[in-house]
Amino acid sequence: MMPYSVFALARQALTGHRSWPAAWRDPAPRARYRVIVIGGGGHGLATAYYLAKTYGITDVAVLEKAWLGGGNTGRNTAIVRSNYLLTANSRFYEHALKLWEGLSADLNFNVMFSQRGMVNIAHSNAEISALHRRGNAMRLNGVDAELLSRDDLGRLMPGLDLSAAARFPILGGLIQKRGGTARHDAVAWGYARAADARGVDIIQNCEVTALRRDGDRITGVETTRGPIAADKVAICVAGDSGRLAAMAGLRLPMESHVLQALVSEPVKPMLDVVAVSGALHVYINQSDKGELVMGGDIDGCNSYAQRGDPHVLDHVVESAAALFPAIRRLRMMRSWGGTVDMSMDGSPIITRLPLAGLYLNGGWCYGGFKGTPAAGTAMAHLVATDRPHPVADRFTLDRFDTGDLLDERGSGSSPWMH
């Protein structure tokens, strides 16, 4: 791998930038690997990278059915935060945020991480109390948090409707200043390039069609490019987790739903932070290109489709326009959907499965992208040592047997409510 630097850029400029090597190889799959990671998104690539970097396991293949980052990694709103209430979630996502803060340097690739701040907006006294509680919990867990008044919100977001005639009155908010956004494609590319440099084979257009097993042990996979044997197989496929587990005869405590997002036409800078309203379930930020990036709730029905119903986008646009009236006349430029795996308690699952040699990283609900570095770290540790990583030891399947759930939102065991 040619390291990226100002000096490399200057040297390449002398040849018209015609001598840059490929960011990663395009190898043919071998007959056998020590570890197979199914899924070439952020989580799968991060798992492979940390297996190679931290544990020296380089005999690894990442199998992607299409192109790298073509699943949920490239189909989200790219928000990064660690403002969680429950200690287990707070510990995990804060670990992820600390990794985000040094990720560009670690990967030698600019992931465009921008700590612009994440603001939760409260519309009622009950929400103000909830934000007080969350902020106190965050600070007790060593996470930055600061309560905001209406005047504070007005200074941070001049376009926010704070008038008495606002459709949804605004009483205050909570900010995590270290939260922000990253470039989702760059995250996939950065991990792919860094993993490849350490000897990992990244194999695109290679769909897994079956899991091979010998009794109670997984021995490899069947793919559209032939069978591949492996000592261990890690499933990192987000919304398709249930499908892959079913190939091994397993049923997981999660459901797949469509989560949609959209962007407006670009406008001049008007929003410097990520704004979130839990009551309206809308989140909005402005990209470097000037587009307003918006997302909301999942579609109600179960689905594996990467597209959803227009009425959900309608709700997102109405809610965003209620908060920021100036955007009402903007045109929507494009929308997209991703398939998310909603766990029964709204928290992720990083665990060994009942078949020896089979591991799962799934159940991320809305939190998959922001958790990418920590998910890769935890999954690599699990695969390498067969023990949960300390920051993810509560994310096993055991909690569904014991009832010790991580219900961050307090919605009970109803995946569509998370």
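The text that follows walks through the structure, step by step, so that each part is easy to find.

### Here's the deal with the overall build of the protein
Stage number 1. In terms of helices and strands, the protein carries 11 helices and 18 strands.
Stage number 2. By the compact-globule yardstick of 22 Å for 418 residues, the protein fits well, its C-alpha radius of gyration being 22 Å.
Stage number 3. Overall size of the protein, expressed as C-alpha extent along the three principal axes, is 70 × 65 × 40 Å.
Stage number 4. Going through the 418 residues of the protein one by one, you find that 54% of them count as buried.
Stage number 5. A sequence separation of at least 24 residues applies to 75% of the contacts in the protein between residues at least 6 apart.
Stage number 6. For the protein, the accessible surface area stands at approximately 17,800 Å², while carbon and sulfur atoms represent 52% of it.
Stage number 7. Between the averaged position of the 44 positive side-chain charges in the protein and that of its 40 negative side-chain charges there is a distance of 4 Å.

### Some words on the pairing of strand 6 (residues 172–176)
Stage number 1. Among the five residues that make up strand 6, five are buried, leaving the element largely enclosed by the rest of the structure.
Stage number 2. Across the two faces of strand 6 the burial is the same, with Gly172, Leu174 and Gln176 and Gly173 and Ile175 all buried.
Stage number 3. Inspection of the sheet shows strand 4 (residues 118–122) paired to strand 6 by five bridges, in the antiparallel sense. Residue pairing across strands places Ala122 opposite Gly172, the latter belonging to strand 6.
Stage number 4. Bridge count between strand 5 (residues 146–148) and strand 6: three bridges; the pairing is antiparallel. When the sheet's bridge partners are listed, Leu147 is paired in strand 6 with Leu174.

### Section: the layout of surface pockets
Stage number 1. Size it by volume and the second largest pocket reaches roughly 410 Å³.
Stage number 2. The set of elements that each furnish at least two residues to the lining of the second largest pocket consists of helix 7 (184–197), strand 14 (282–286) and strand 16 (332–343).
Stage number 3. Here the lining of the second largest pocket is composed, by residue class, of six nonpolar, nine polar and seven charged.

### Focus on the side chain of Thr181
Stage number 1. Of note, Thr181 is situated in strand 7 (residues 180–181).
Stage number 2. Residue Thr181 is classed as buried on the basis of its relative accessible area of 7%.
Stage number 3. Reaching out from Thr181, the side chain makes a polar contact with the side chain of Arg116 at a distance of 3.4 Å.

### Considering the sheet that holds strand 4
Stage number 1. Read from one edge of the open sheet, eight strands run 5-6-4-13-14-15-12-16, paired in mixed fashion. The outermost strands of the open sheet, each flanked by one partner alone, are strand 5 and strand 16. In this sheet, neighbouring strand axes are inclined to one another by 25° on average, regardless of whether the strands run parallel or antiparallel.
Stage number 2. In this sheet, strand 15 (residues 292–302) lies alongside strand 14 in antiparallel orientation, the contact comprising four bridges. Counted as the bridge partner of Asn285 is Val293 from strand 15.
Stage number 3. Lying on the sheet, helix 5 (residues 125–140) is in contact with strand 4, strand 5 and strand 6; it crosses strand 6 at an angle near 20°.

Cut-offs applied
- Residues numbered from 1 in each chain as written.
- Predicted model: local features only at pLDDT ≥ 70, side-chain atom pairs only at ≥ 80, totals over all residues.
- Heavy atoms only, no water.
- Helix = DSSP H or I, 4+ residues; strand = E, 2+ residues; numbered from the N terminus.
- Rg over C-alpha atoms; globule rule 2.2 N^0.38 Å.
- Buried < 20%, exposed > 50% of the residue type's maximum accessible area, 1.4 Å probe, protein only.
- Contact = heavy atoms within 4.5 Å.
- Areas by Shrake-Rupley, 256 points an atom, 1.4 Å probe, with all protein chains shown as cover.
- Lys, Arg positive; Asp, Glu negative; His and termini not counted.
- Charge placed at Lys NZ, Arg CZ, Asp CG, Glu CD.
- Pairing = 2+ DSSP bridges.
- 1 Å grid on protein atoms, 1.4 Å probe; cavity = no way out; pocket = protein on both sides within 12 Å on 5 of 7 lines; lining within 4 Å.
- Points joined across faces, edges and corners; volume = space filled by probe spheres on them.
- Nonpolar A, V, L, I, M, F, W, Y, C, P; charged D, E, K, R; others polar.
- Polar contact = N/O pair within 3.5 Å; in protein donor to acceptor, adjacent residues only side chain to side chain.
- Axes fitted to C-alpha atoms, helices over the stretch in contact; angles between N-to-C directions.

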